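# A structural walkthrough
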Amino acid sequence: MGTGAEKVTVQTVVQLPVEKVWKYWTEPAHITQWNNASDDWHTPFSENDLRVGGSFTSKMAAKDGSFEFEFGGVYDEVRIHEYIAYTLGDGREVSITFISQDNETKVIETFETETMNAVEMQQAGWQAIMDNFKKYAESVND
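Being a predicted model, the structure only gives us computed values, none of them experimental. (Residues numbered from 1 in each chain as written. Predicted model: local features only at pLDDT ≥ 70, side-chain atom pairs only at ≥ 80, totals over all residues. Heavy atoms only, no water.)

Attention now goes to the environment of Asp 102. You can see Asp 102 is positioned in the loop between β6 (93-101) and β7 (104-112). Asp 102 sits in the exposed class, given a relative accessible area of 78%. Spatially, the C-alpha atom of Asp 102 lies 17 Å from that of Lys 134, the residues being 32 residues apart in sequence. (Helix = DSSP H or I, 4+ residues; strand = E, 2+ residues; numbered from the N terminus. Buried < 20%, exposed > 50% of the residue type's maximum accessible area, 1.4 Å probe, protein only.)

Structural data, given as structure tokens:
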């Protein structure tokens, strides 16, 4: 764990079975559709090698072209339809738990905060992405 990093948790319940929730969370074709905290941002590119030791990268960008950054890391643990843990490029640890409850799935994400932005702002941003994921997943027809 990063030095003195605070852990923050965000969560949602998606009205879909865990198999679909897992697919939408982990496949790049879906990640690019939901991985943003507000409508003026988007994710034009995503790669995901979902296995222990595998890496992932998403490019997140302002739609007006004013700013972009890459968000990526390496997987430490992957249990299909249950759990993902990874370490970001800056050493912070993140874990996501998928809890199947009948025909819905609870998604719980815990992350270590960084020091450049207020904890409340980070939590709001990660929760906004989680809420966007729920909205997207529940709207997909496949």
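In this section: the pairing of strand β3 (residues 55-62). In terms of strand pairing, strand β2 (residues 41-48) meets β3 through six bridges, oriented antiparallel. Bridge pairing in β3 links Ser 46 to Ser 58. Linkage of β2 to β3, two consecutive antiparallel strands, is achieved through a turn of six residues, within which Gly 53 is found at a positive phi near 90 degrees. Summarising the sheet, β3 and strand β4 (residues 68-79) pair through seven bridges and their orientation is antiparallel. The residue of β4 that forms the bridge with Met 60 is Phe 69. Linking β3 back to β4 in an antiparallel pair, the connection comprises five residues, with Gly 65 at a positive phi of about 80 degrees. (Pairing = 2+ DSSP bridges.)

Along the chain, the position of Arg 92 falls in the loop between β5 (83-88) and β6. In this structure Arg 92 comes out as buried when scored by relative accessible area, which is 12%. In this structure the side chain of Arg 92 is engaged in a polar contact, spanning 2.9 Å, whose partner is the side chain of Asp 90. A distance of 2.6 Å separates the side chain of Arg 92 from the backbone oxygen of Glu 112, its partner in a polar contact. Excluding its chain neighbours within four sequence positions, the residues that come into contact with Arg 92 are Tyr 86, Thr 87, Phe 111, Glu 112, Thr 113, Glu 114 and Gln 122. (Polar contact = N/O pair within 3.5 Å; in protein donor to acceptor, adjacent residues only side chain to side chain. Contact = heavy atoms within 4.5 Å.)

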